[in-house]
Amino acid sequence: MGDSVTYAQLKRQLSAFTSHYEDDADDIMRRLSAIILDECKAGRSVSIPGLGVFRRGTRKARHITNPRTG
């Protein structure tokens, strides 16, 4: 995988782009995350152009084997 961007880096970039303080950018990011989670919990999907679609999903359980015990 390539390099990843941390939450702190996103916060700094957002604050620089919007000319707000980092605390304001942090508040915006937390509120956006909360809104997306609330909508997904309610069974609705959230589509943000250029970013992606967020929706609640389920996956099958995986069966794994411990390499030490087999």
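Right above here is the structure, for reference.
The structure reproduced in this document is the subject of the present report.

One full turn of an α-helix is made of 3.6 residues, so residues set three or four places apart face in the same direction. Taking 1.5 Å as the rise per residue, helix H2 (residues 22-41) with 20 residues should run 28 Å; its terminal C-alpha atoms sit 28 Å apart, in good agreement. For H2, the set of buried residues is Ala-25, Asp-26, Met-29, Ile-36 and Cys-40. Considered in projection along H2, the buried side chains sweep an arc of 105° and stay on one side of the axis. In H2, the exposed positions angled more than 90 degrees off the buried face are occupied by Asp-23, Arg-30, Arg-31, Ile-35 and Lys-41. Structurally, H2 contributes buried residues whose contacts are with helix H1 (7-18), strand E1 (46-48) and strand E2 (52-54). Gly-43, located one to two residues past H2, shows a positive phi value of around 90°.

Bringing H1 into the picture now. Over its twelve residues, H1 extends 16 Å from the first C-alpha to the last, a length consistent with the 16 Å expected when each residue adds 1.5 Å. Positive phi shows up at Ser-19, right after H1, with a value of about 60°.

Each value, and the rule that gives it
- Residues numbered from 1 in each chain as written.
- Predicted model: local features only at pLDDT ≥ 70, side-chain atom pairs only at ≥ 80, totals over all residues.
- Heavy atoms only, no water.
- Helix = DSSP H or I, 4+ residues; strand = E, 2+ residues; numbered from the N terminus.
- Expected span 1.5 Å × (residues − 1).
- Buried < 20%, exposed > 50% of the residue type's maximum accessible area, 1.4 Å probe, protein only.
- Arc of directions from axis to C-beta.
- Contact = heavy atoms within 4.5 Å.

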